[in-house]
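The chain contents come next:
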Amino acid sequence: MSLSSPSTDTSSRRRRPAEHSQGQSYHACDDSWEELQSKRTIRAENEVEANKLVNNYRFGFRKWKSHVTARPFEDRSEVVKELYSELNVIRPHTGPGHLITCGNVAYVLVFGWWVSLAYLLVSILMSITITGIPYGKLCLKLSCYFLWPFGKSIHEIGNTLRPCCEQTPDCDCTIEGIEDNSPVLLPSPTEVPVPEMPGQLVRTPYWSRFSTYVWLLLGYPPLVAIHSLVCFFSWILVFTIPVAKMNARTLSVILLLAPEDVSVSTCSRRKHQGYEAKALLCCYHATNWYYYKYTVDGINVFAVNLLPLVIIAMVIGYIDRENQYASSDVKFAMAISSIIPLSYYIGMGIASISAQSNFAVGAVVNATFGSITELTFYITALLKGHQAANPCLQEVVKAALTGTLLGCILFIPGICMIIGGLRHSEQRFNSRCTGVSSALLFISVGGVFAPTLFSKAYGNLVCDACTSSTGGNSSGPLVCHNCHYDLNNGTLFHSHVEPLVYTVSALLPIAYIIGLIFTLKTHSHIYDIQVGEGQETGHHGAVVHWSRWRSLIILVMATVLTSACADLVTEHIQPILNQPNISQYFIGVTVLAMVPEIPEIVNGIQFALQNNISLSLEVGSCIAVQVCMLQIPILVLFNTFYDVGFVLLFSDLHLWASIFSVILVNYIFMDGKSDYLQGTALVVVHLILMAMYYFAPSPAGC
């Protein structure tokens, strides 16, 4: 199945239809051109993947870049295929200069020297036992190998009949005279039983030797610890995963072979045929910068590596209550960082369920779980603040809401425009699509800040203390401190502001539903997704990474863990808020607002790199609209049933920063073009606003 969306933004194809007559007006042609711009061509491997790509263009659906199905390995690029290789393919001979790279030199300095030293010490230990001398010789060879393994190969000279390299020093098979046309030793060919030769000694089986058990008791355990340590650190670093594979293969395969069956060689070409060694390990580079694409069961390697951080944060946070082993600052950092992988898993689960379900189920799942990460933190913080009678947490929640809004309006589109513009010079997008999002943003911001504007228009300005600027009792200008609008005295709040808050909170979700109907039903041609022809795909051939039930279970588990992390964040945030040089506003609009959105930022950047700037802009707009039209009304509804003191009144800085940002981004989106200069403007404005929050005085109650 093939669907229509340009993997490269189709708005770059500017071609007027041939059937338009010369007599039609310029505006009619321009309208048709705009209509043509909205058409997109998506090509997918199967129906499930096609559904995911179509959902990316639907308003209210979470935008997801990663595949939810396994891609056919033969269709992957050579770069990606190399990422998943088992390091047992010997390539044609290359000069030693190709092996001297920064990554290989760094391997020697970080890992190679002490792994080599460990093998040397184990070699001495095994030689002392006399019966373990064969293993001592093997460790001596491996000591030289792991000091500089690049371009060398480890073979198994077992009972296989294959060509044997003439340059292998330990090869016992020296049958000459038969030429071999194969230039490269291939990995793991089909084994052929070797015919017994007259006079050939019968070897003692591996598990019947005394030396095997001496090796497993004395030599193997310390090497297990060494290789496990190298595997862990090289896997965590991601770009050094080849080193992790090399050590894991050595530990699980090579060290469990008979020592006489292991041969270390530097050759890659063969000229004679006889008993061939089976290639077990051959590594050419310690690093590969493309490993950021590496996935495990469809999960990006960074999300896999960050998952243990969630467990560590849980254990330390809930067991070390007295902060004996870790301070509150460390626990806060670990808990807030743990939300990053959990947000990724929630996004992957939403995309998987939506791609395998019909439109109604997908819409419900996106509306239910799309904002679960942020809402979990907000509600937990409000509950903690209410229980501790700490109004500061309510202000932090409002700052986080505003920070998410500003980040999605300014930073996410801006950084995507910069990165996409540097790669593609100028990118185009459908201005009608962004016009819909812009209209919804105006409605959202206007509705959310309407009670604040109302209170400032009709509230009474009250100050704690006012003194004469000239001193004494002279009638000069007054200097007042801690001025605010008093809404508690009188009937203004309960009779006027509070009903307005409930009215706005009811209207915003209705506007969101109308936006869904407009973009998905009545005016779906704006996001025209066509079904193409000529590609045979289907659901039955798709291998889904996560089934619907598995996705649902992961969604629930990730939500529970997110709630626990949010609890730890709010529990240990107070020392951060007590920092005298940092405004509490700044903590809310930066760390608490943007850390959960890191997976979305990565998605937007990937779309921009593929010249699909339309989806990059929709990523930020979709989140901003959901913040105003879903998350804030849900918080108001929660406060109605369980009063935690949440009042939908924002500070002046939140108010004017949000209004200015919406006006600016609408101006930027008017022409349907983007480049790195426009992106720089958005990012610089966002940084200026963050600087204002950094130097702003702390809110009342903090």
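Before reading further, recall that the structure is shown in the block above.
Here the residue numbers are simple positions, counted from 1 along each chain's written sequence. Local features in a predicted model are, by the rule used here, given only for residues with pLDDT of at least 70; side-chain atom pairs are given and counted only at 80 or more, and totals for whole chains, interfaces and linings are based on all residues. Heavy atoms throughout the structure, all of them, feed into the side-chain values; hydrogens and water do not.

Draft legend 1. Structural detail: the overall build of the protein chain. Here a strand is any run of E in DSSP of at least two residues, a helix any run of H or I of at least four, and the numbering for each starts at the N terminus. Counting its regular elements, the protein chain contains 21 helices and 14 strands. For the protein chain, buried positions account for 50% of its 702 residues. Intrachain contacts of the protein chain at a sequence separation of at least 6 include 83% that bridge at least 24 residues. Computed with the Shrake-Rupley method and a 1.4 Å probe, the accessible areas treat only the protein chains shown as cover for residues. Total accessible area computed for the protein chain in this model is approximately 32,800 Å², and 63% of it derives from carbon and sulfur atoms. Throughout this description, buried means an accessible area under 20% of the type-specific maximum (1.4 Å probe, protein chains only), exposed means over 50%, and partly exposed covers the range between. We call two residues in contact when some of their heavy atoms are within 4.5 Å.

Draft legend 2. Just the packing of aromatic side chains, in detail. In this analysis, rings of Phe, Tyr and Trp, with Trp reduced to its six-membered ring, are considered paired at centre separations within 6.5 Å, and the interplanar angle assigns stacked below 30 degrees, edge-to-face beyond 60, and tilted for intermediate values. Enumeration over the complete set of coordinates arrives at 25 aromatic pairs. An angle of 45° between the planes, with centres 6.4 Å apart, marks the rings of Y107 and F111 as tilted. Here the residue Y107 and the residue F111 both occupy positions in helix α4 (residues 102–128), the gap between them amounting to 4 residues, near one helical turn. With relative accessibility at 3%, the residue Y107 sits in the buried group. Taken together, the aromatic side chains of W64, Y344, Y345 and W546 make up a single cluster linked through ring pairs.

Draft legend 3. Inspection of the pattern of salt bridges at higher detail. Between Lys or Arg on one side and Asp or Glu on the other, a salt bridge is scored when a side-chain nitrogen of the former is within 4 Å of a carboxyl oxygen of the latter. Per the stated rule, a full pass over the model turns up 9 salt bridges. Between D297 and R550 there is a salt bridge whose closest N-O contact spans 2.7 Å. Separated by 253 residues along the polypeptide, D297 in the loop between β6 (295–296) and β7 (299–300) and R550 in helix α15 (residues 548–571) bring together distant segments of the chain. For R550, a relative accessible area of 34% puts it in the partly exposed group.

Draft legend 4. Fine view of the pairing of strand β3 (residues 153–156). Going residue by residue along β3, you find S153 and H155 tucked away on one face and I154 and E156 tucked away on the opposite face as well. Pairs of strands are assigned from DSSP output, requiring at least two bridges between the strands. Direction of pairing for β3 relative to strand β4 (residues 262–265): antiparallel, over a ladder of 4 bridges. Across the sheet, residue H155 finds its bridge partner in β4, namely S263. Pairing analysis gives 4 bridges linking β3 to strand β5 (residues 278–282), with the strands arranged antiparallel. Bridged to E156 within β5 is K278.

Draft legend 5. Structural detail: the environment of V214. For V214, the position within the fold is in helix α6 (residues 210–236). Accessibility expressed as a relative area gives 11% for V214, which makes it buried. In sequence terms V214 and G132 are 82 residues apart; their C-alpha atoms lie 6.8 Å from each other. Here V214 is in contact with M126, T129, T131 and G219, once residues within four sequence places are set aside.

Draft legend 6. Structural view of the packing of helix α11 (residues 372–387) against helix α19 (residues 613–641). Comment: axis = line fitted to C-alpha atoms, over the contacting stretch for helices; angle = value between 0 and 180 degrees taken between N-to-C directions. Viewed as axis vectors pointing N to C, α11 and α19 meet at an angle of 35°, and their least axial separation amounts to 11 Å. Two packed elements cross with a definite hand, and for α11 against α19 that hand is right-handed. Contacts from E374, L375, Y378, I379, L382 and L383 in α11 reach Q631, I634, L635 and F638 in α19. Gly is placed with the polar residues, together with every amino acid not listed as nonpolar (Ala, Val, Leu, Ile, Met, Phe, Trp, Tyr, Cys and Pro) or charged (Asp, Glu, Lys and Arg). Grouping the constituent residues of the contact of α11 with α19 by class yields 8 nonpolar, 1 polar and 1 charged. Each crossing gets its hand from how the near helix is turned against the far one by less than a right angle, where anticlockwise is left-handed and clockwise is right-handed.

Draft legend 7. Structural detail: the nonpolar core. In plain words, nonpolar cores are sets of buried Ala, Val, Leu, Ile, Met, Phe, Trp, Tyr and Cys residues tied together by side-chain atoms within 4.5 Å. Core analysis: the biggest nonpolar cluster contains 116 residues, and F377, L401, I409, L592 and F646 have the highest contact counts within it. In this view, F377 contacts A400, A566, V569, T570 and L592; residues no more than four positions away in its chain are not counted. The next biggest cluster of nonpolar side chains, apart from the first, holds 42 residues, and it includes F150, Y220, L223 and I226.

Draft legend 8. Focus on unusual backbone geometry. A positive phi angle, close to 55°, is found at D297, a residue other than glycine. Positive phi, normally seen in glycine, also occurs at N323, with a value near 60°. Tracing the chain through its elements places N323 in the loop between α8 (301–319) and α9 (328–356). With a relative accessible area of 31%, N323 lands in the partly exposed category.

Without other data, these values stay purely geometric and don't point to any function.
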